[in-house]
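Chain and residue survey
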Amino acid sequence: MNELFNNFLQNVLPRIISSAIIVILGLWLSKYVVKLVGRILNKGKAEYTVITFLCSILRVFLIFVVVISAVAQFGVDVTSIITALGAALVTAGLAMQSSLSNIASGVVIILNKPFKAGDIIEFENLKGTVQSIKLFYTTLLSVDNKVITIPNSRLTTYDVVNLTTAVHRRLDLSYTISYDDDITKVKGILYSYIATMDNIIREPEPAVYVGQHKASGVEIIVQIWINEADYWDIYYQMQEKVKELFDENNIKIPYNTVEVKQPQNNSDNKSE
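Reference entry: report on the structure contained in this document.

Conventions adopted
Residues numbered from 1 in each chain as written. Predicted model: local features only at pLDDT ≥ 70, side-chain atom pairs only at ≥ 80, totals over all residues. Heavy atoms only, no water. Salt bridge = Lys/Arg side-chain N within 4 Å of Asp/Glu carboxyl O. Helix = DSSP H or I, 4+ residues; strand = E, 2+ residues; numbered from the N terminus. Buried < 20%, exposed > 50% of the residue type's maximum accessible area, 1.4 Å probe, protein only. Pairing = 2+ DSSP bridges. Phe/Tyr/Trp six-rings, centres within 6.5 Å; stacked < 30°, edge-to-face > 60°. Axes fitted to C-alpha atoms, helices over the stretch in contact; angles between N-to-C directions. Contact = heavy atoms within 4.5 Å.

Some remarks on the pattern of salt bridges
Summed over the entire model, instances satisfying the criterion amount to seven salt bridges. For Glu124, the salt bridge is made with Arg154, and the minimal N-O distance between the two is 2.8 Å. Taken together, the residues Glu124 in the loop between strand S1 (120-123) and strand S2 (126-133) and Arg154 in helix H5 (residues 152-157) connect sequence positions 30 residues apart. By relative accessible area, which is 32% here, Arg154 ends up partly exposed.

Right, here's the structure in full:
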């Protein structure tokens, strides 16, 4: 018993302690190196998305090195572990194609730059500001302060609309009026109000068109060029003001109604 205890103290315990030290110091040093690389890239004026993506890859690599170094303290053949791990990664890669696809897609996003941190994008009815592009996913912050996480592979497979690439943006609005209303009068009312707005772009000129002839009325389309930052302010301003103008000028906005008819009971009076 004493011999086993002495063997543990002389051989096993020092390796456990050295492995623990390597893990503790290695993780701390890895964190420091990642931060240092991030600062260097930041001083080099690299894009934020590039910094976060490269740092996430570097963090995974450094943790792997720390774990392998800690295991090596027990006399394990690290080369055989790396070889076995490589084979396992190939096998796992076949079973985890989606994860590998996310990594590859992240690289594609970084290289092609369809969007970057700070851009506002729309994707599958989701809209938000890009916060970061990481190894497996991209994070957005919605206008109501919700964090949205999207796998990178989806962002390279489906259409993504970047709303901040161009400074100017066209606001398209649609209104429906009754078939009994005067189209020329309605267009004049809208043009007159648009002429008073001071937060829109005059070139290209605002336009008011007749769209579709719907079942319940005539569609009127308004197109205004604006600055991206003013989009929602002008959108809500128009929605409120157009309703007020239509009411003031007796312009009817059709809406669906339900008419319920109660059947009449006809009783036949028979005389004998």
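Following the structure, the description resumes.
A word on the pairing of strand S7 (residues 207-213)
Bridging between S7 and strand S8 (residues 218-227) involves five bridges; their strand directions are antiparallel. Directly across from His213, in S8, lies its bridge partner Val218.

Some thoughts on the packing of aromatic side chains
Using the criterion set out here, one finds seven aromatic pairs in the structure. Pairing Tyr231 with Tyr235 gives two aromatic rings, centres 6.4 Å apart and planes at 10°, and the pair type is stacked. Pair noted here: Tyr231 and Tyr235 are both in helix H7 (residues 231-248), with a separation of four residues, about one helical turn. Ring centres of Trp232 and Tyr235 lie 5.4 Å apart, and the angle between their planes is 80°; this geometry places the pair in the edge-to-face category. Of this pair, Trp232 and Tyr235 both sit in helix H7, separated by three residues, roughly a single helical turn.

Things to note about the environment of Val23
Topologically, Val23 is positioned in helix H1 (residues 2-43). Taking C-alpha positions, Val23 is 9.7 Å from Val71, a pair spaced 48 residues apart along the chain.

Comments concerning the sheet that holds strand S4 (residues 147-151)
Pairing is antiparallel across the open sheet formed by five strands, whose spatial order is S4-S3-S2-S1-S5. At either margin of the open sheet sits one strand with a lone partner, and together these are S4 and strand S5 (161-162). Sheet topology note: the S1/S2 ladder contains four bridges and is antiparallel. Following the sheet pairing, Phe123 is matched in S2 by Leu126.

Digging into the pairing of S4
With burial as the criterion, only one face of S4 is covered, namely that bearing Ile148 and Ile150; the residues Val147, Thr149 and Pro151 on the opposite face remain uncovered. In this structure, strand S3 (residues 137-141) lies alongside S4, joined through five bridges in antiparallel fashion. Bridge pairing links Leu140 to Ile148 in S4. Taken together, S3 and the strand that follows it, S4, pair antiparallel across an intervening segment of five residues, in which Asn145 is found at a positive phi of about 70°.

Description of the sheet that holds strand S6 (residues 168-177)
If you trace the three strands from one edge of the open sheet to the other, you get S6-S8-S7, paired in antiparallel fashion. Pairing within the sheet leaves two strands with one partner each, and these edge strands are S6 and S7. Ignoring strand direction, the axes of neighbouring strands in this sheet form an average angle of 25°. Set on the sheet, H7 makes contact with S6 and S8; between it and S6 the angle comes to about 25°.

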